Amino acid sequence: MTDTKFSSMSDNPMRTYPTPFVAQMNTLLGSQAEAFWKELSQGEPYRAVRLNPLKATLQTLREALPFVLPPTPTPFSSLSFYVPASARLGALGAFHSGMFYAQEPSAAAAVTVLDPQPGERILDLCASPGGKSSQIAALTGDKGLLWSNEIDWGRMQILDSNLERMGIMNRVVSCAHPAQLCAETAGQFDRVLVDAPCSGEGMFRRDTQAIAQWSIQAQKACAIRQSEILESAAQALRPGGILVYSTCTFSPTENEDVIESFLLRHKEFVPDFPAHITFGSPALRGLPARRITPVHGGEGHFVARLKKAGDDRMSQPDMKLMPCREKDYFGFIEHTFDQPPKGKAYMIKDGRVLLIDGELPAGLSAVRLLSAGVYAGDMLKGRFAPAHSLFMAAHGGTYRNAIELAPDDLRLDAFLRGNTIGISGGLKGYMPLCVGGFPVGFGKAVEGTLKNHIPKGLRRV
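Residues numbered from 1 in each chain as written. Predicted model: local features only at pLDDT ≥ 70, side-chain atom pairs only at ≥ 80, totals over all residues. Heavy atoms only, no water.

For the chain, the count of helices and strands is 14 helices and 28 strands. Compactness check: the chain gives a C-alpha radius of gyration of 23 Å against a globular reference of 23 Å for 461 residues, within 12% of the reference. Sorting the 461 residues of the chain into buried and exposed places 56% on the buried side. Taking the intrachain contacts of the chain between residues at least 6 apart in sequence as the baseline, contacts between residues at least 24 apart amount to 71%. Carbon and sulfur atoms make up 53% of the accessible area of the chain, which amounts to about 19400 Å² in all. Considering the chain, the positive charge centre built from 48 side chains and the negative charge centre built from 45 side chains are found 4 Å apart. (Helix = DSSP H or I, 4+ residues; strand = E, 2+ residues; numbered from the N terminus. Rg over C-alpha atoms; globule rule 2.2 N^0.38 Å. Buried < 20%, exposed > 50% of the residue type's maximum accessible area, 1.4 Å probe, protein only. Contact = heavy atoms within 4.5 Å. Areas by Shrake-Rupley, 256 points an atom, 1.4 Å probe, with all protein chains shown as cover. Lys, Arg positive; Asp, Glu negative; His and termini not counted. Charge placed at Lys NZ, Arg CZ, Asp CG, Glu CD.)

Have a look at this one:
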């Protein structure tokens, strides 16, 4: 395949695109193509942080960051704000405490279109690494149920770790094929988000590997897989529910063509795109969708929204778990918390204790789960060992003892790297280490030191 520079206007000799991609974009954008190629050849990739209102206010986030956030949010979400390209977000205490999520700005568009509401059951079918799932929880106030699924086990662990950091309690994280999961949970969800795997053209400016892997054949293969996932999503959605389909690619093959084909097969679905949302540009052929390119202030996304006919709001079957009755668990909670965390404690067969605020839907036993609710810890021969998740939960109560460090305290960096740090004498037992009032992890206080209990995989390198 012959490679071509962005366009004849590009003065960047280092980055090239396949000729068919250049032709695709020139045809797709028409008179807007010149602005598109100029932005890609001369502009920097957009970056943003998204406020996590489960843990912080905009004011407290502004105070916690070493750079100034713009006065107004991005066009794609009222919670997202552009940040400088040089910002080292992963090194900040506010990042580790879950006060914000680092997210490419246009990636927030899909959940804005989904418009999740408190109390709803919502399925994020292709959820890793968790940006859109955590945005759903932010908009619902963590009220209802968020089910986040990822078919790849390794990526699912990253997903669960991010949702844990953001403090989301009412969550289920599963590793299941979409067809299996949606068959087991048919009709149970009020809203379903399909952020489908795609050819990733919206990642080209940030990831040269995405350019190397692009081909017309890859687009067609993605479209087949995307259509299969949509078929599954339609089954999981209740009558009257909302389905949002999104990709981070520009290709009509993976966007308009997939939606048109789905609508031809499913007469029970109708266009339902919110009239007040005007970011990006209209989709082709009058479809209920918007396309975002770098000229709109984001790297690239396509978002469509459909509604399923009917209005079935009947209650769905719930999965029952055995309540935890272990005295050592409740003794730990009483010793550690001034106000206990939300939710009821349940214990499953392997000894894990889960905190769940509400009911879990049927279907859990049929799919591979990583977590449900908040993993509070483990019962080990009559002794309770707390987990990182218990201290990171946004509705985790208030502590009898906690250690607060300033963002520039050198002990914070040492603790995030997994080291034991010195603390004031007199403290004893498990307790969180906080920045801005929110835990970044926990440790065990012993004789003027805090022994580190941040999981090894979450420590800074």
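Applying the stated criterion across every chain, the model contains 21 aromatic pairs. When the ring of Tyr17 is compared with that of Phe21, the centres are 4.9 Å apart and the planes differ by 70°; the resulting orientation is edge-to-face. Like Phe21, Tyr17 is buried. In this structure an aromatic cluster arises from ring pairing among Tyr329, Phe330, Phe332, Phe337, Phe384, Phe391, Tyr399, Tyr430 and Phe442. The residue whose ring lies beneath Arg62 is Phe81, and the NZ or CZ to ring-centre distance is 5.6 Å. A cation sits over an aromatic face here: Arg165 above Phe95, 4.0 Å from the ring centre. (Phe/Tyr/Trp six-rings, centres within 6.5 Å; stacked < 30°, edge-to-face > 60°. Lys NZ or Arg CZ within 6 Å of the ring centre and 35° of its normal.)

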